[in-house]
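Structural characterization, general
What follows is the residue order along each chain.
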Amino acid sequence: METKIEKINAESLNLAKKLILEGEIVAFPTETVYGLGANVFDEKAVKKIFEAKGRPSDNPLIAHVADAKTIELLACEISKKAKKIINKLMPGSLTIVLKKKTSVPDIVTANLDTVAIRMPLSTEARAFISACGVPIAAPSANLSSRPSPTTYQAVFEDLNGKIPLILAGHDCEVGIESTVLDMTAEPTILRPGIVTAEQIEKVLGEKVLTFSDKNRKVNSPGMRYRHYAPSIPAALDTTCDVKKVSELYDKLMSNGQKAVILCLEQYSKFFENKEVYSLGKTEKEAANKLFSALRECEKKYDYIIEMFCPKTEEGFSVLNRMIKSVGENFI
Ligand code: TXA
Ligand code: MG
């Protein structure tokens, strides 16, 4: 199949709508990462998403909406607390898990009785969803286990020939996927993101649990699988031990492996005469750059050494992705 790349305008939105309503799948930008969308209510179309990505069928998708009213089409038992979150933090880089209505096909939710719902902030994403006139089921638009795509070129890299259309919008501003918040019981963050526990706690006036709380069995199927893996080996140092990182770099180079160190700008001074890929000056910038950095480095080098020791909640969300990207291979 030919994969068209179209800038977002009235004509391409019309084409996207036509494809979606005919049961096809379309890639589109959001402020977090690019998504691969289908009509939520069209089981056959949703199945195409799993096929194109090679995604395990027990990993549920997020339903994307353009307005709060549509959430009621998909979810029931929307508590007062959930309504507060919807009113104060949506649209935004946040996904909430609610009890699902039977109208949502089981293939979308991987047979769970809950549904994940997100209202993106990106005007491009909202224009696409509104044009289609149906909620859009969408995971990130990468091949399963690969870094999420933050540019339309990265979508093309992974899905060329497998989907009919990529809506080419801006590069993603946030760069890591939305925070996933379970609101079906005690509010629990299943996947950390740029919307922080602190922000959520402010809205709710109570503590939220996080996916790492040991006293609670957390149910986010997606956390089980290999994620964000570049095509070359990678290792991670979470202590910013520049000596240790330098030693590994030298060892790799003396074995004939071309290595690169991925770290914040301010650490590059410790690695003179070494190949460094800067993640920018702040932890928020690192969120924006991480996935595109992994995709760029895999093209130029043989081994990626990631070094990151976050101090902010946003930074810990980046670290969460880094740990997965190296398959827990710590230095
Ligand atoms: O920023 C984002 O969230 C992007 C853009 C495209 O919106 N989407 C995205 O989708 O990252 P995906 O499929 O790559 O990640 C969805 C995550 C997975 O970890 C999945 O297991 C979890 O959400 N999830 C989906 N439905 C769920 C449910 N009912 N209960 C618990 N976790 C759920
Ligand atoms: Mg994904």
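Rules used in this analysis
- Residues numbered from 1 in each chain as written.
- Chains lettered and ligands numbered in written order.
- Predicted model: local features only at pLDDT ≥ 70, side-chain atom pairs only at ≥ 80, totals over all residues.
- Heavy atoms only, no water.
- Core = buried A, V, L, I, M, F, W, Y, C linked by side-chain atoms within 4.5 Å.
- Buried < 20%, exposed > 50% of the residue type's maximum accessible area, 1.4 Å probe, protein only.
- Helix = DSSP H or I, 4+ residues; strand = E, 2+ residues; numbered from the N terminus.
- Domains from an automatic or database assignment.
- Buried area = accessible area lost by both parts, 1.4 Å probe.
- Salt bridge = Lys/Arg side-chain N within 4 Å of Asp/Glu carboxyl O.
- Polar contact = N/O pair within 3.5 Å; in protein donor to acceptor, adjacent residues only side chain to side chain.
- Nonpolar A, V, L, I, M, F, W, Y, C, P; charged D, E, K, R; others polar.
- Arc of directions from axis to C-beta.
- Contact = heavy atoms within 4.5 Å.
- Pairing = 2+ DSSP bridges.
- Axes fitted to C-alpha atoms, helices over the stretch in contact; angles between N-to-C directions.

A few words now on the nonpolar core. Core analysis: the largest hydrophobic core is formed by 47 residues, its most contacted members being Leu-36, Ile-71, Ile-85, Ile-96, Leu-98, Ile-163 and Ile-200. The set of elements that each furnish at least two residues to this core consists of strand S3 (35-39), helix H2 (43-53), helix H3 (71-74), helix H4 (80-89), strand S6 (94-100), strand S7 (114-118), helix H7 (152-159) and helix H8 (197-204). Here this core takes five residues from H2, the largest share from any one element. Counting residues in hydrophobic clusters, the runner-up holds 42 residues, among them Ile-176, Ile-194, Ile-232 and Ile-261.

As far as domains go, the protein holds domain 1 (4-210) and domain 2 (234-325). Placing the centre of domain 1 and that of domain 2 at their C-alpha centroids yields a distance of 29 Å. Contact between domain 1 and domain 2 buries roughly 1500 Å² in total, counting both sides, with carbon and sulfur atoms accounting for 49%. Looking at the side of domain 1 facing domain 2, the largest losses of area belong to Pro-147, Ile-176 and Ile-194, adding up to 32% of the total buried there. Applying the counting criterion to the domain 1 and domain 2 interface returns five salt bridges. Salt-bridge contacts for Asp-158 lead to Arg-295; the nearest nitrogen and oxygen are separated by 2.9 Å. Taken together, the links from domain 1 to domain 2 amount to 13 residue pairs in polar contact (both at pLDDT 80 or more). Mapped onto the side of domain 1 that touches domain 2, the elements with two or more residues apiece are H7 and H8. Of the residues contributing to the side of domain 1 that touches domain 2, the split by class is 10 nonpolar, seven polar and seven charged.

Of the residues making up H4, those classed as buried are Ala-82, Ile-85, Ile-86 and Leu-89. Along the long axis of H4, the arc covered by the buried residues comes to 110 degrees, so they all point the same way. Pointing more than 90 degrees away from the buried face of H4 are the exposed residues Lys-80, Asn-87 and Lys-88. Residues of H4 that are buried sit in contact with H3, S6, strand S10 (179-182) and H8.

Okay, the sheet that holds strand S16 (residues 303-307) next. Through backbone hydrogen bonds, the strands of a sheet pair up, either in parallel or in antiparallel fashion. Reading across from one edge, S13-S16-S14-S15 is the order of the four strands in this open sheet, with parallel pairing throughout. Both outer strands of the open sheet, strand S13 (234-237) and strand S15 (276-278), are each paired with one neighbouring strand and no more. On average, adjacent strands in this sheet sit at an angle of 25 degrees to one another, irrespective of strand direction. With respect to the sheet, helix H10 (residues 283-300) is in contact with strand S14 (259-263), S15 and S16, its orientation differing from that of S14 by roughly 175 degrees.

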